[in-house]
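Commentary on secondary and tertiary structure
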Amino acid sequence: MLTHHWPKATAPDRVVVLGARGFVGRTLLTALASAEIPSIGLSSADLDLAAPGAGEKLAGILRPTDTLVMLSALTPDKGRGAGTFMANLRMSEAVSDALQKVAPAHVVYMSSNAVYPVVCGPISEATPAEPLDLYGAMHLSRELMLKAATQAPLAVLRPIMIYGAGDTHNSYGPNRLRRAAHKDGKITLFGGGEEMRDHISVDDVVGLLLMTLLHRSAGTLNLATGRSISYLDLAYKIADQFSDPIDVVLTPRQSPINHQHYDIINLRRAFPAFVFETIDDGLAKAHREMLAEALPT
Amino acid sequence: MSNPVIGYAGMTHLGINSAAAAAARGFDVICFDTDPARIFSLARHVLPVVEPELPELFAEFGERLRFTSDPAALAECDVIYVAPDVPTDDRGNSNLAPVRALVEIVDGAMRSGAALVVLSQVPPGFTRSLARAKTHLFYQVETLIFGRAVERARFPERFMVGTVDPKASLPPALATFLAAFDCPILPMRYESAELAKISINMCLVAMVSTANTLAELCEKVGADWSEIVPSLKLDKRIGPYSYLAPGLGIAGGNLERDLTTVIALADQHGTDPRMVQSWVANSMYRRDWVLSQLHERILANVHDPLISVLGLAYKQDTHSTKNSPSLALLSGLGPFRVKAYDPVVAVDPTFHPCIQAASSALSVCDGADVLVIMTPWSEFKALSPSEIAERLRGRTVIDPYAVLDADACRNAGLVYVTLGVAS
């Protein structure tokens, strides 16, 4: 649950975004610019958080009045092993080091729903975090590192799978299914696509992130829509976006079915006026953007 | 023996109703409270609590009730019940200091040989921990139900009495008093009686949680919980009085207190608390059912909606708002316009930053985008769905407790949403 240090939405002095070239980072910086909130975006090219001395460098940039948003992470497509895990922790170590040198006014950490195990029934912030893999363990470790490193209000946001045209990852979700349909004219599902999953658009994630900044919120919040659909339904929704017929291919099931649902009442209470994009609208927008990006310039 | 004089220390909801029931059974009753203002009001039959039939009881048997803030008056009593409120915090943790303090006052005032009976809800071990001789010390399980307190006090199903020696006879004065109610008397050791009260409440919570869990499933699979309930009540193992109405979680404070007590005791003694913890989680989850429905059906679709709320008390026939689902709902509606009405609880700006008070149950509907019925007051059952439909701007009625007739609402063109039914 989040608590708002600023009950009335107020623009922060400046927002420093780590992970500026990532999928969420780019969208956030665009939103901050639209809202005329001063910001600095730092990508790994600007500041390699895993390199020695990164904490010192970040401390040289940070001001006590800043809001720091940490989006940087090596995602599972960059590796699932111990090397990636340790590199991610080094990045968090650098940020923790910087936070101890310069205490900003607010810190926001973009974690992941990977901190949760497979559970029966809806996941909420009260669900014990028991990661099943190193990626989830990394995010949980980073949450704890940042909590230990700063006295500033800290918001930990745990998004479910994010979709949008600009996503560079290829996890089993709307982005991969859309790309597969675009490239191969077919969508291949695990088993019968029975698993229920919640998917959130990058615009909604950034909208909620922006609200977190404007209210200087602290605490832990899952970023989910509260509406899960099956992969099969998702595949058909994506296929419907294309003018040519798209085959939805089912395969023999290799692993047991598990579903994921989210209880988002804490999000409702934190941001009562927030309205989610429907999955149909979000998929249509992502589809349009994908086609626009594919057009020759 | 002649009728004993009965004392009640602590003019609480429990104390007042119990004292009135004792008077109705023909006993002279001394009602003591440390608050002179409360005594002053009660002596004039100005009641600080709302309970059906309580004013009538005061009117009929009031001459047997004597009110005092002077503890010395308790020296006349043969049996003294100590019945202060045991306050709880937001997590249901009990503060036992008030009951200890009142026991001390009573102890100092009562005559030798009189029986002191703790009536407040206390955890196992409390009565034995009191620093006094145990021969005339008892714990009696209270079974007060808000909204049915008079009925429960006048016609108890049984008395559960904790004593230092369950095989010994009760003192004649206490035995005479209890016998006047013509119901079974079950003596047991202190700890058993203290845990009996909690055990009753745990069984009730288990039933309610079962109902809530399956009612939610009904909403998803197209079943109707109200069609299932009669078949359960006809099962002798479950019974006709079982608590199977789905609701918005556990409220009122007493059940929550017992849930917290059991979890704390399990933690202390290393027993398994997980089932009780899941009841607590389920209660919190169901409490927000209306807020979720509002978001899905109204808040995501209607610009600047006006939300009408009928009912603020945690249940009907009471003024109590302790852990009220209605107030929990209001706390989640911060930026929206809200209009509310309750027959007893006054609309208060602390409930919601921009809440408006309506003058009647029907006028609360005027121009609203949605009507939400949060307390099943009988007054609301008399509302005409067609009149509601005429006054509402929107079409949606969210009625978790099924106060209104579903078919009549649908016939009036309303979208009717209730617990346990897909809609």
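Quick notes on the rules
Residues numbered from 1 in each chain as written. Chains lettered and ligands numbered in written order. Predicted model: local features only at pLDDT ≥ 70, side-chain atom pairs only at ≥ 80, totals over all residues. Heavy atoms only, no water. Helix = DSSP H or I, 4+ residues; strand = E, 2+ residues; numbered from the N terminus. Rg over C-alpha atoms; globule rule 2.2 N^0.38 Å. Buried < 20%, exposed > 50% of the residue type's maximum accessible area, 1.4 Å probe, protein only. Contact = heavy atoms within 4.5 Å. Areas by Shrake-Rupley, 256 points an atom, 1.4 Å probe, with all protein chains shown as cover. Lys, Arg positive; Asp, Glu negative; His and termini not counted. Charge placed at Lys NZ, Arg CZ, Asp CG, Glu CD. Pairing = 2+ DSSP bridges. Axes fitted to C-alpha atoms, helices over the stretch in contact; angles between N-to-C directions. Salt bridge = Lys/Arg side-chain N within 4 Å of Asp/Glu carboxyl O. Patch = residues over 30% accessible without salt bridge, like charges linked within 9 Å, V, L, I, M, F, W, Y side chains within 5 Å. Left-handed = near helix turned anticlockwise from the far one by under 90°. Nonpolar A, V, L, I, M, F, W, Y, C, P; charged D, E, K, R; others polar. UniProt positions renumbered as here; feature names shortened; annotations may be inferred. Buried area = accessible area lost by both parts, 1.4 Å probe. Polar contact = N/O pair within 3.5 Å; in protein donor to acceptor, adjacent residues only side chain to side chain.

Looking only at helices and strands, chain A features 9 helices and 15 strands. Its C-alpha atoms give chain A a radius of gyration of 19 Å, near enough to 19 Å, the size a compact globule of 297 residues would have. Burial statistics for chain A: of 297 residues in total, 53% are counted as buried. For chain A, contacts bridging at least 24 residues in sequence account for 80% of all contacts bridging at least 6. Only carbon and sulfur atoms are counted for the fraction: they give 56% of the accessible area of chain A, which is about 13100 Å². Charge separation in chain A, taken as the distance between the mean sites of 27 positive and 30 negative side-chain charges, equals 3 Å.

Residue and element names in this part refer to chain B. With mixed pairing, the 8 strands of this open sheet are ordered in space as β3-β2-β1-β4-β5-β6-β7-β8. Edge positions in the sheet fall to β3 (65–68) and β8 (185–189), since each of these pairs with one other strand and no more. Across the sheet, the mean angle from the axis of one strand to that of its neighbour is 25°, orientation sign disregarded. Where strand β5 (residues 115–118) and strand β6 (residues 137–140) come together, 3 bridges link them in parallel fashion. Paired with Val 117 across the bridge in β6 is Phe 138. Where helix α7 (residues 172–179) meets the sheet, its contacts fall on β1 (6–9), β4 (79–82), β5, β6, β7 (159–163) and β8, and the angle it forms with β4 comes to roughly 70°.

Glancing now at the pattern of salt bridges. Throughout the structure, instances matching the rule amount to 31 salt bridges over all chains. The shortest N-O distance in the salt bridge between Glu 296 of chain B and Arg 227 of chain A comes to 2.6 Å. With Glu 296 of chain B in helix α12 (residues 289–299) and Arg 227 of chain A in the loop between β12 (217–223) and β13 (228–230), this pair bridges two chains. The partner of Arg 158 of chain B in a salt bridge is Glu 157 of chain B, and the shortest N-O contact between them spans 3.1 Å. A network of salt bridges, in which partner residues are shared, links Glu 56, Asp 97 and Lys 101 of chain A.

So, about a nonpolar patch on the surface. Together, Leu 214, Leu 217 and Val 221 of chain B make up an exposed nonpolar region whose accessible area comes to about 270 Å². When you line up the elements, Leu 217 of chain B lands in helix α8 (residues 190–221).

Residue and element names in this part refer to chain B. Relative orientation of the contacting elements helix α10 (residues 254–269) and helix α11 (residues 274–287) amounts to 145°, with a least axis distance of 9 Å. Considering the relative orientation of α10 and α11, their crossing is left-handed. Of the residues in α11, those in contact with Leu 259, Val 262 and Ile 263 of α10 are Val 276, Gln 277, Trp 279 and Val 280. Split into classes, the residues belonging to the contact of α10 with α11 amount to 6 nonpolar, 1 polar and no charged.

On to the UniProt feature "domain: NAD-dependent epimerase/dehydratase" (unreviewed entry) in chain A. Those places that UniProt annotates as "domain: NAD-dependent epimerase/dehydratase" (unreviewed entry) correspond, in this numbering, to residues 15–220 of chain A. Secondary structure within residues 15–220 of chain A divides into 39% helix and 20% strand; the distance between the first and last C-alpha atoms comes to 20 Å.

Right, let's get into the interface of chain A and chain B. For an interface, size is often stated in terms of accessible area lost upon the parts coming together. Contacts between chain A and chain B engage 9 residues on the former and 15 residues on the latter. Buried area between chain A and chain B, both sides added, is near 1000 Å², and the carbon and sulfur share of it is 52%. Together, Arg 268, Arg 269 and Pro 272 of chain A form the three largest contributors to the area buried by chain A at its contact with chain B, with a combined 54%. Viewed at the interface, chain B and chain A are joined by 3 salt bridges. For the interface between chain A and chain B, the tally reads 5 residue pairs in polar contact (both at pLDDT 80 or more). The greatest single-element share of the side of chain A that touches chain B, amounting to 3 residues, is contributed by helix α8 (residues 265–270) of chain A. Here the side of chain A that touches chain B is composed, by residue class, of 5 nonpolar, no polar and 4 charged.

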